[in-house]
Amino acid sequence: MAIEKVIIKNYRALKNVQISFQDKINVIVGNNEAGKSTLFEAINLALRRQLNKRDAQSELHPYLFNKSTVEDYISNLKEGNKPEPPKIEIELYLKDVDRFAGIKGTNNSLNQNVPGVFLSIHLDEENFSDEYKEYCSDAERIKFIPIEFYKVSWKGFCGNDVSWRSIPIKSSLIDTASISNTYSANKYILELIRDFLEKKEKVSLALSYR
């Protein structure tokens, strides 16, 4: 088992979870809707930056965020406060062996000098800071996280950006529930939007649709 530990914050049902794994076989047991599938989805997201077999940036939606975290955030906005925009964080701590040396460092919440991968979904302040402030100016209209203003960051614990090629782990998430007859049609529409619209046009379209 290459992964020794996973820390997940604000991802779906998993608000703040830390799990350590055994060296060989691990069995995850729990009630329905307890977050078993979500755990594996989060690990796959951190290893491959994928949701629904596509790049996570194109698959972001408000319901990825933990429900209670979102409710607290919106409640704070309506009370006139200025809470930090919610973010999703997933950390994978790997075995401290030579093949993971390229992603070793202290860029993690535990400040440990170990190999690992850190994925976050957070507000894109560089491109959408002003738009986000304008959107939040009328707190009464806010019903969900404005995911159109968010981006995915994917780094090793060394602090550098990573890609699936630079993570020396082969992984596969097999989930029969993800099979859909509309997959090809959805992919085609998404490709049209990606290829023909500018970034701010995509944001405007998505906000209007919601």
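Our structure's up above, just so we're on the same page.
Note that this is a predicted model, so its numbers are computed, not measured.

J.: What am I meant to see in the environment of K36 here?
T.: If you trace the backbone, K36 turns up in helix α1 (residues 36-48). For the pair K36 and L14, spaced 22 residues apart in sequence, the C-alpha separation works out to 9.6 Å. Each residue touching K36, except ones within four places of it in the same chain, is listed here: I28, V29, G30 and N31.

J.: Mind showing me how you'd approach the pattern of salt bridges here?
T.: A full pass over the atoms with the stated rule returns 9 salt bridges. Ionic pairing is found between K95 and E4, a salt bridge with its closest N-O pair at 3.9 Å. On the criterion of sequence distance, the pair formed by K95 in the loop between β5 (88-94) and β6 (104-105) and E4 in strand β1 (residues 3-11) is long-range, its members being 91 residues apart. What makes E4 partly exposed here is its relative accessible area of 38%. Across the salt bridge formed by K87 and E89, the nearest N and O atoms sit 3.6 Å from each other. When its relative accessible area of 18% is taken as the criterion, E89 is described as buried. Linked through salt bridges whose partners overlap, the residues forming this network are E4, D23 and K95.

J.: Sorry, what's going on with the side chain of N10 here?
T.: Mapping N10 onto the fold places it in strand β1. Exposure remark for N10: the relative accessible area of 15% places this residue in the buried category. In terms of polar contacts, N10 uses its side chain to reach the side chain of T69, at 2.6 Å. Discounting chain neighbours no more than four positions away, the residues touching N10 are K15, L64, F65, N66, T69, K87 and I88.

Cut-offs and rules
Residues numbered from 1 in each chain as written. Predicted model: local features only at pLDDT ≥ 70, side-chain atom pairs only at ≥ 80, totals over all residues. Heavy atoms only, no water. Helix = DSSP H or I, 4+ residues; strand = E, 2+ residues; numbered from the N terminus. Contact = heavy atoms within 4.5 Å. Salt bridge = Lys/Arg side-chain N within 4 Å of Asp/Glu carboxyl O. Buried < 20%, exposed > 50% of the residue type's maximum accessible area, 1.4 Å probe, protein only. Polar contact = N/O pair within 3.5 Å; in protein donor to acceptor, adjacent residues only side chain to side chain.

In short, geometric facts, not functional conclusions.
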